[in-house]
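# Coordinate inspection notes
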Amino acid sequence: MSTTSTEESKMTRETQETLLEVDDLKTYYEDGGLLNSNPVKAVDGVSFEITRGETLGLVGESGCGKSTLGRTLMRLEEATAGEVKLNGTDITTLSGADLKQFRNDVQMVFQDPDSSLNERMTVGEIIREPLDVHDWKTPDERRARVRELLETVGLQEEHYYRYPHQFSGGQRQRIGIARALALEPEFIILDEPVSALDVSVQAKILNLLEDLQNEFGLTYLFIAHDLAVVRHICDRVAVMYLGNIMEIGPADEMFESPANPYTHALLSSIPEPDPTVARDRITLRGTPPSPRDPPAGCPFSTRCPVKIRPDQYTDLDDDVWERIEVFREVLRERSRAELSLSDRVRKLIGRETVQAGMDDTLTELFGGLSVPVSVMDHLKEAADYAENGDEDAARAYLREEFGSVCDSERPDQLGVGDRGRLSLCHRHDEQYDEPAAVFETLVQ
Ligand SMILES: Nc1ncnc2c1ncn2[C@@H]1O[C@H](COP(=O)(O)OP(=O)(O)OP(=O)(O)O)[C@@H](O)[C@H]1O
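Residues numbered from 1 in each chain as written. Predicted model: local features only at pLDDT ≥ 70, side-chain atom pairs only at ≥ 80, totals over all residues.

As recorded in an unreviewed UniProt entry, the protein chain goes by the name ATP-binding cassette domain-containing protein, listed as coming from Haloferax marinum. The UniProt entry for the protein chain carries the following text under Sequence similarities (unreviewed entry): "Belongs to the ABC transporter superfamily." (UniProt positions renumbered as here; feature names shortened; annotations may be inferred.)

Printed below as a string of structure tokens:
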């Protein structure tokens, strides 16, 4: 499919009508009733809209909350807070006949065609099941509808009486798609629909999804971790990190010039297909924080390569600054780590619990660098707190000394450019340098 025809078809099918509006949606997983346990904040306050006829891509690293968001929109998970409106009606509180109608209008296609199809049912029965459940027309009309659907997704009528195990991965995904289409939904959530398939098969399924969208005016939320696939099929993209949407906007614009530091880092991790093109790679330090204990300020603050520094440290050597951030991460991980069995025994018998020596950690981190004396004094002070088992005090001390607005305040989604792009980053405030400008200085 040529780019021009894809662009043209995108332009004709998109409308200006809002189909889905999500407002400050939160989905938390509570621990089965444990007292004082922190819930997993899988989706932590996201807002966005989807226009009828468009495809919104939802990308982000494993565990950032993509599937939970998709499942909450489907009412397969219960929202903890916030609103989801489909055609203007809040669906988080629907019940009875309204909920049944909603289950007609919104469908989901799952990643793994191997486990999402019931092996004991024929293909015809699998596709017909939603029609039976919803008492759709007469049994004869249902059978006719299944035959029509088989053809729509590129399968044959004689496949009606076969079983899923007799099909290849791509064909099985076609069965899943036919089932999702059975009740003529207007909105389909595609959760990694091609991730489990060979590359050659992926392209065929993506083309099928595009054709179906054009034919039936469908609206898609396309969840994926493969950015190349998203770029191909999506009109707009939302980038998720730790339960938040960090950036959302037109796909072409975001791939060409990402605004948010996290999008920058995510895109720079895609291998450049052309080896003659030099590209600046940004390697992210550490791992995302636990969704049970997300940072108080910006969700990305613990790993952001262009985090705002306090005024007195703007000229501090980049390597020293980077190591301070690593030290803060070490303390965070240390306070998260479960006490080992022997530590617990020591604690029970009243002995001091001391983890690996903090002096060693400081030497390893800062040994080869020239660290200003005042900075080293602060680091040692924090190390003393940690050495005495009070990681929380150590973290608070470092946050007070080296933290900035990124550590203390959650950024607003600020507008970028003139095509409705939004990005969650303090740096878009005019008093700071834009993330892209700071990245340029880092990779020089
Ligand atoms: N049923 C559950 N109970 C408790 N925690 C859960 C549950 N389901 C998911 N989580 C947690 O919620 C967070 C978000 O998970 P989710 O599956 O939504 O992320 P994801 O971005 O879809 O990841 P992946 O790409 O690996 O599927 C993770 O920390 C995960 O461990």
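Strand order in the open sheet formed by 8 strands is β6-β7-β8-β3-β9-β10-β12-β11, with mixed pairing between adjacent strands. If you trace the sheet from one side to the other, it starts and ends with β6 (106-109) and β11 (413-416), each paired once. Each strand axis lies, on average, 20° off the axis of its neighbour in the sheet, ignoring direction. Pairing analysis gives 4 bridges linking strand β3 (residues 55-59) to strand β9 (residues 236-241), with the strands arranged parallel. The residue bridging Leu56 from the neighbouring strand is Arg236, located in β9. Docked against the sheet, helix α2 (residues 66-73) engages β3, β6, β7 (187-191), β8 (219-223) and β9, running at close to 150° with respect to β8. (Pairing = 2+ DSSP bridges. Helix = DSSP H or I, 4+ residues; strand = E, 2+ residues; numbered from the N terminus. Axes fitted to C-alpha atoms, helices over the stretch in contact; angles between N-to-C directions. Contact = placed C-beta atoms within 7 Å.)

Let us look at the packing of helix α6 (residues 169-181) against helix α7 (residues 199-216). It is at 10 Å that the axes of α6 and α7 come closest, and there the two elements cross at 20°. With respect to their mutual orientation, α6 and α7 come out roughly parallel. For the pair α6 and α7, the crossing hand works out as right-handed. Counting all contacts with α6, which are made through Gly169, Gly170, Gln173, Ile177 and Leu181, the residues of α7 involved are Val201, Lys204, Ile205, Leu208 and Leu212. Split into classes, the residues belonging to the contact of α6 with α7 amount to 6 nonpolar, 3 polar and 1 charged. (Parallel < 35°, antiparallel > 145°, perpendicular 65-115°, else oblique. Left-handed = near helix turned anticlockwise from the far one by under 90°. Nonpolar A, V, L, I, M, F, W, Y, C, P; charged D, E, K, R; others polar.)

Right, let's talk about the site of the ligand for a bit. Around the ligand, the surrounding shell holds 13 residues, and the nearest of these are Tyr29, Ala42, Ser62, Ser67 and Thr68. Elements represented by at least two residues in the shell around the ligand include exactly β2 (40-51) and α2. At 3 residues, the largest contribution of residues to the shell around the ligand is made by α2. Residue classes in the shell around the ligand are distributed as 5 nonpolar, 7 polar and 1 charged. (Near = placed C-beta within 6 Å.)

As a further point, take α7. For an α-helix, 3.6 residues make a turn, and residues three or four places apart therefore share a direction. The end-to-end C-alpha distance of α7, which contains 18 residues, comes to 26 Å, matching closely the 26 Å that a straight helix rising 1.5 Å per residue would cover. The first or second residue beyond α7 is Gly217, which carries a positive phi of 65°. (Expected span 1.5 Å × (residues − 1).)

Right, let's get into the packing of helix α11 (residues 318-336) against helix α15 (residues 391-402). Remark: α11 packs on α15, axes separated minimally by 9 Å, with the N-to-C direction vectors making an angle of 155°. In terms of orientation, α11 and α15 fall into the roughly antiparallel class. You can see that α11 and α15 cross each other, and the crossing is left-handed. Residues Ile324, Arg328, Leu331, Arg332, Arg334 and Ser335 of α11 form the contact with α15, whose own contacting residues are Glu391, Asp392, Ala394, Arg395, Leu398 and Phe402.

Turning our attention to helix α4 (residues 123-133). Residues of α4 that are buried: Val123, Gly124, Ile126, Ile127, Arg128 and Leu131. Looking one or two residues past α4, Asp135 carries a phi angle of roughly 55°, positive in sign. (Buried ≥ 20, exposed ≤ 12 C-beta atoms within 10 Å, placed from the backbone.)

Let us look at the nonpolar core. Core analysis: the largest hydrophobic core is formed by 82 residues, its most contacted members being Leu58, Ala178, Leu221, Phe222, Val230, Val239 and Met240. When sequence neighbours within four positions are dropped, the list of residues in contact with Val230 reads Gly57, Val59, Phe222, Ala224, Val237 and Ala251. In terms of nonpolar packing, the next biggest core, distinct from the first, is built from 13 residues, Ile324, Ala394, Tyr397 and Leu398 among them. (Core = buried A, V, L, I, M, F, W, Y, C linked by C-beta atoms within 7 Å.)

Okay, unusual backbone geometry next. Note: most residues except glycine have negative phi, and most peptide bonds are trans. Phi at Asp24 takes a positive value of approximately 50°, unusual for a residue other than glycine. Structurally, the position occupied by Asp24 is in strand β1 (residues 18-29). Positive phi outside glycine occurs at Arg75, with the angle close to 65°. Structurally, Arg75 is set in the loop between α2 and β4 (81-86). Take Arg75: there are 16 C-beta atoms within 10 Å of it, and that puts it in the partly exposed class.

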